[in-house]
Amino acid sequence: MAKVYTCFCTDIIHEGHMNIIREAAKLGELTVGVLSDEMMIRYNRFPTKTTEERMKMIEGLPGVADVIEQKKIMYDEVITSLHPDYVVHGDNWGDSAMQAIRANILSLLEANGGELIEIPYTHNADVQKLDRQMREKLSMPEFRRGRLRKLLDMTPIVKTIEVHSGLTGLIAEKTIVAKGEEISQFDAMWISSLCDSTEKGKPDIELVDMTSRFRTIDDVLEVTTKPIIFDGDTGGLTEHFVYTVRSLERMGVSAVIIEDKTGLKKNSLFGTEVKQTQDSIENFCAKIAAGKQAQLSDDFMIIARIESLILGMGQEDALERARAYVRAGADGIMIHSRSKTPDEILSFCDAFRAADKDTPIVVVPSTYNTVTEDELAAHGVNIVIYANQMLRAAFPAMENVAKSILENQRAKEADSCLMSIKDIITLIDEL
Ligand code: SPV
Ligand code: MG
């Protein structure tokens, strides 16, 4: 009997999947692969069920002889070990990442023998509704909030990109690239005080108030499902911070990062060029503890940001503070630097990890941007934040177009830098 293989990366079985199973089973003995959690998150399908639950969901369906876990997104291991005569897949190969998977299957089948059978995707209203319901579940506060902690367990380093609007949220949500055998996308979003303020034409000095910052979060929440890490600046007065914690939790934000500065906060990338005052360990610990006390859900995280390296206070001060903040209840630490090289950050991470293997470490490689995610993960970093690149990309692009229109007294010359009108009017999906 011919061997048939198909792989599912879904939390629900709908008519479309049943159709694939029916058609595949007609060709021979059908093995269904269930894509592993680690790969689901790289593939824009964050699992709401565990791998075991998803395997159980498929076992026993009519036409299914066997269910296995597919550990990698590419089919090398499956095809070389199973040697299927047929690989069956829906014909809905969309973006370049999906095309890379199709190319991988075709080349493996050519080398190992076998045929790819593409089944017309079921585009009926029920299937579309179920797909929308799945996405809706992912965007709900209860589910979204806990997703950052889940990611910390599932991936070596949580890749986080700055967003400051619905549109940048959509880019963070949807951008996906295929590189060699890997598929990559961002795991989480950072609502930066620098970019949120700059977008509003204001300096990054805690001038944009929380109500306005929450409005930005809301715009992002509306159109995305990925977890949000909020830049809470200094957290403000402790008496105010406890309210901020509750509001963020309720909205479904996963974490707030507060920095150990006091008084008029200036952006860290000014370093010691401007007057900035670090809070005392005692005060900042009290703020962290009050925030943890106010928090109602188990999964929200308060992350303590240490400014010692920014302010020239050295590694020992940074380590002392890190340990104290963790003792006060911080769920993670962020260590910041404006050095051009990653040396002081990596040295801090090694020293901190020598005694603390678990507390998540967050870094923001804006100035030391040559460092790679693999290097950071090797030194114990858990979350990397690309904290301002989206806004910094937009500004020169817009300014150049504005200059071109003024210089040429018309818009034609700017056209080559612009998205087409057709693309812009179809960019946003309608319900
Ligand atoms: C931000 O993005 O607002 C930050 C990181 O706080 S930094 O600008 O590097 O201080
Ligand atoms: Mg900030």
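Residues numbered from 1 in each chain as written. Chains lettered and ligands numbered in written order. Predicted model: local features only at pLDDT ≥ 70, side-chain atom pairs only at ≥ 80, totals over all residues. Heavy atoms only, no water.

Quick word on the site of ligand 1
- All residues adjacent to ligand 1 are W190, S192, S193, L194, D231, N267, S268, L269, R305, H336 and A387.
- S193 places a side-chain nitrogen or oxygen 3.1 Å from an oxygen atom of ligand 1.
- Measuring from an oxygen atom of ligand 1, one finds a side-chain N or O atom of R305 at 2.7 Å.
- Protein contact buries 100% of the 280 Å² of open area that ligand 1 shows by itself.
- Considered class by class, the residues forming the shell around ligand 1 number four nonpolar, five polar and two charged. (Near = heavy atom within 4 Å. Polar contact = N/O pair within 3.5 Å; in protein donor to acceptor, adjacent residues only side chain to side chain. Areas by Shrake-Rupley, 256 points an atom, 1.4 Å probe, with all protein chains shown as cover. Nonpolar A, V, L, I, M, F, W, Y, C, P; charged D, E, K, R; others polar.)

A short note on helix α5 (residues 96–112)
- For α5, built from 17 residues, the straight-helix expectation of 24 Å at 1.5 Å per residue is met to within 8% by its first-to-last C-alpha distance of 24 Å.
- Inspection of α5 places A97, M98, I101, N104, I105, L108 and L109 among the buried residues, and these make up the whole buried set. Burial along α5 is one-sided: seen end-on, the buried residues are contained in an arc of 125°. Facing away from the buried side of α5 by more than 90 degrees, the exposed set consists of E110 and A111.
- Residues of α5 that are buried sit in contact with α4 (76–82), β4 (86–90), β5 (115–119), β7 (176–179) and β8 (182–185).
- Taken from the residues just after α5, G113 is the one with a positive phi, measuring 85°. (Helix = DSSP H or I, 4+ residues; strand = E, 2+ residues; numbered from the N terminus. Expected span 1.5 Å × (residues − 1). Buried < 20%, exposed > 50% of the residue type's maximum accessible area, 1.4 Å probe, protein only. Arc of directions from axis to C-beta. Contact = heavy atoms within 4.5 Å.)

Looking at the domain arrangement of the chain
- Per the domain assignment, the segments making up the chain are domain 1 (3–132), domain 2 (140–387) and domain 3 (393–425).
- For domain 1 versus domain 2, the distance between C-alpha centres works out to 37 Å.
- Residue-level contacts link 17 residues of domain 1 with 19 residues of domain 2.
- For the pairing of domain 1 and domain 2, the buried interface totals around 1500 Å² over both sides, and the portion due to carbon and sulfur atoms is 61%.
- Per-residue buried area on domain 1 facing domain 2 is highest for R42, N44 and F46; these three make up 47% of the total on that side.
- Scanning the region where domain 1 abuts domain 2 turns up one salt bridge.
- With a closest N to O distance of 3.0 Å, R42 and D187 form a salt bridge.
- The interface formed by domain 1 and domain 2 holds four residue pairs in polar contact (both at pLDDT 80 or more) in total. (Domains from an automatic or database assignment. Buried area = accessible area lost by both parts, 1.4 Å probe. Salt bridge = Lys/Arg side-chain N within 4 Å of Asp/Glu carboxyl O.)

A short note on helix α7 (residues 141–154)
- In a regular helix each residue adds 1.5 Å, so 14 residues correspond to 20 Å; α7 covers 20 Å between its end C-alpha atoms and thus fits that length.
- Residue R147 marks the point of greatest curvature in α7, where the axis turns by about 35°.
- Within α7 the residues assigned to the buried category are F143, R144, R145, G146, R147, L148, L151, L152 and M154. (Bend = angle between axes of the 7 residues up to and from the residue.)

A few points about the pattern of salt bridges
- Evaluation of the coordinates by the stated rule reveals 28 salt bridges.
- Note that D233 and K265 form a salt bridge whose closest N and O atoms lie 2.7 Å from each other. Of this pair, D233 sits in the loop between β10 (228–231) and α11 (238–251) while K265 sits in the loop between β12 (261–262) and β13 (277–278), placing them 32 residues apart in sequence. Just as D233 is buried, K265 falls in that class too.

With respect to the coordination of the magnesium ion (ligand 2)
- Within the protein, the atoms that donate to the magnesium ion (ligand 2) are S193 (OG) and D231 (OD), at distances of 2.1 to 2.2 Å. On the criterion of sequence distance, the pair formed by S193 in helix α9 (residues 193–199) and D231 in strand β10 is long-range, its members being 38 residues apart. (Donors = N, O, S within 2.8 Å, 3.2 Å for Na, K, Ca; no water.)

Some points on the sheet that holds strand β14 (residues 301–306)
- If you trace the eight strands once around the closed barrel, you get β6-β9-β10-β11-β14-β15-β16-β17, paired in parallel fashion. Adjacent strand axes in the sheet meet at a mean angle of 25° when their direction is disregarded.
- For strand β16 (residues 361–363) and strand β17 (residues 383–386), the ladder comprises two bridges, and the chain directions are parallel. Bridging across to β17, V362 finds its partner in I383.
- Sheet contacts for helix α14 (residues 343–355): β14, β15 (332–335) and β16; angle to β15, the most-contacted strand, approximately 155°. (Pairing = 2+ DSSP bridges. Axes fitted to C-alpha atoms, helices over the stretch in contact; angles between N-to-C directions.)

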